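Topology and contacts: notes
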Amino acid sequence: LSRTNIEGTIPSEVGNMWALRILDISDNAINGRIPTEIVNLEWLKTLNISRNVISGTIQSEIGNLTLLERLDLSRTNIE
């Protein structure tokens, strides 16, 4: 879903996609915050939300995603 001109926020329901392995929504117009439910994606290997208008902080629980190999938050407003 990279570079597809997606706008809006990441819905909390993303946490229901527990078997998701790659979430690449980079280079869009996504705003708001990363939903806390993202830590439910226990099979996630790649999370790329770079080049969006995302803000806030990243939850420390993201460290519980033990299979996560690639995390790209560049060019966002995440602290």
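As shown above, the structure is provided for reference.
Chains are numbered independently. Their residues run from 1 in the order of the written sequence. At least 70 in pLDDT is required for a residue's local features to be given in this predicted model, at least 80 for side-chain atom pairs to be given and counted, and no such filter applies to totals for whole chains, interfaces and linings, which use all residues. Hydrogens and water are ignored here; the side-chain numbers use all heavy atoms of the structure.

1. A word on the pattern of salt bridges
A pairing counts as a salt bridge when a side-chain nitrogen of Lys or Arg comes within 4 Å of a carboxyl oxygen of Asp or Glu. Per the stated rule, a full pass over the model turns up 2 salt bridges. D27 is the salt-bridge partner of R3, the closest N and O atoms lying 3.0 Å from each other. Remark: D27 occurs in the loop between β2 (22-24) and β3 (29-33) and R3 occurs in the segment before β1 (7-8); sequence separation between them is 24 residues. Only protein chains enter the accessibility calculation, which uses a 1.4 Å probe; a residue whose area is less than 20% of its type maximum is buried, one above 50% is exposed, and one in between is partly exposed. Assessed through its relative accessible area of 63%, R3 is described here as exposed. By relative accessible area, D27 is classed as partly exposed at 29%. Where D72 meets R70, a salt bridge forms, and the shortest distance between an N and an O atom there is 3.6 Å. For D72, a relative accessible area of 18% translates into the label buried. Here a helix means four or more residues in a row that DSSP labels H or I, a strand means two or more in a row labelled E, and each is numbered from the N terminus.

2. Concerning the sheet that holds strand β7 (residues 77-78)
Paired strands, in this sense, are two strands between which DSSP finds at least two bridges. One open sheet accounts for 4 strands, arranged β1-β3-β5-β7; its pairing is parallel. Each having just a single partner strand, β1 and β7 make up the two edges of the open sheet. Bridge count for β1 against β3 is 2 bridges, and the pairing is parallel. Of the residues in β3, the one forming a bridge with E7 is A29.

3. Observations regarding unusual backbone geometry
Its identity is not glycine, yet R51 carries a phi of approximately 60°, on the positive side. Relative to the helices and strands, R51 is located in the loop between β4 (46-48) and β5 (53-56). Of the residues examined, R51 reaches a relative accessible area of 40% and is grouped as partly exposed.

4. Concerning the environment of Q59
Note on placement: Q59 falls in the loop between β5 and β6 (70-72). Taking the relative accessible area as the measure of exposure, Q59 reaches 12% and is therefore buried. On a C-alpha basis, the gap between Q59 and T36 in space is 7.1 Å, while along the polypeptide they are 23 residues apart. By definition in these notes, contact holds between two residues if any of their heavy atoms fall within 4.5 Å. Discounting residues that sit within four places of it in the chain, Q59 has contacts with I34, P35 and T36.

5. Quick look at the pairing of β5
Only one face of β5 is covered, namely the face carrying I54 and G56; the face carrying V53 and S55 is uncovered. The sheet contact formed by β3 and β5 spans 3 bridges and is parallel. Bridge pairing in β5 places R33 opposite S55. Taken together, the 2 bridges between β5 and β7 define a ladder with parallel strand orientation. Across the sheet, the residue bridging to S55 is N77, located in β7.

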